[in-house]
Amino acid sequence: MLLAAYAQGLFPMGERRDDPSLYWVSPDMRGIIPLQQFHVPRRLARSMRNTSFIITTDTAFGQVMRECAAPGPGREQSWINDEILRLYGALFASGHAHSVECWQDEKLVGGLYGVQLGAAFFGESMFSRARDASKMALVQLVDMLNRGGFTLLDTQFLTGHLTQFGAIEIPRHDYLRLLQDAIRRHAIWPA
């Protein structure tokens, strides 16, 4: 059911971390990052050349989700509840969800997770406990998506954080056209 909803441009959210109910969302304006126009800010590019971070994929999916759901500065509440954790854990087990992890001194300090359907990747959430950790995970994600033949990176909503990478908003009807094209294509999640 969850994958069928994604194919129609819908995604679930929880009201609060401690509320077990879910609701479906399909924004009028949808955030995407055009993969071929992805931009790495200069300061981040410098930081990436001098980093001690180790980036992995699909090695700590559940931990990444729990970190994304955890309270943080300026964000006491989360839309990621136990039902979201359960559903996306099942998607991961079936090969439809993936994570990118950023490690420092063997500690998970950043990452992101999302869902794959055809050549579309739906970014769900990201977190950072060290400067630039989630940004470096995003750069790794885009590189992997480009190498794997993906055509759509859905960010759901447009945020100031994502605009620095070239994220844009498009109307729902344009998004649905891109989505239908992407889910008909084949892409490979590079291991």
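The rules behind these values
- Residues numbered from 1 in each chain as written.
- Predicted model: local features only at pLDDT ≥ 70, side-chain atom pairs only at ≥ 80, totals over all residues.
- Heavy atoms only, no water.
- Phe/Tyr/Trp six-rings, centres within 6.5 Å; stacked < 30°, edge-to-face > 60°.
- Helix = DSSP H or I, 4+ residues; strand = E, 2+ residues; numbered from the N terminus.
- Buried < 20%, exposed > 50% of the residue type's maximum accessible area, 1.4 Å probe, protein only.
- Polar contact = N/O pair within 3.5 Å; in protein donor to acceptor, adjacent residues only side chain to side chain.

Trainee: Summarise the packing of aromatic side chains; cite the residues concerned and give the values.
Mentor: Under the definition given, this model contains 7 aromatic pairs. Seen from their ring centres, phenylalanine 38 and phenylalanine 165 are 5.5 Å apart, and the 5 degrees between their planes marks the pair as stacked. In this pair, phenylalanine 38 sits in the loop between strand E3 (29-32) and helix H2 (42-49) while phenylalanine 165 sits in the loop between helix H6 (160-163) and strand E9 (168-171), placing the two residues 127 residues apart along the sequence. Assigned by exposure class, phenylalanine 38 and phenylalanine 165 land together as buried. Aromatic ring contacts, followed pair by pair, group Phe61, Tyr88, Phe92 and Tyr113 into a single cluster.

Trainee: Pulling in residues and values, what's your account of the environment of glutamine 164?
Mentor: By the secondary structure assignment, glutamine 164 is in the loop between H6 and E9. Under the relative-accessibility criterion, glutamine 164 is labelled partly exposed at 29%. In sequence terms glutamine 164 and proline 41 are 123 residues apart; their C-alpha atoms lie 6.9 Å from each other. Within the local environment of glutamine 164, its side chain forms a polar contact with the backbone oxygen of histidine 161, the two atoms lying 2.9 Å apart.

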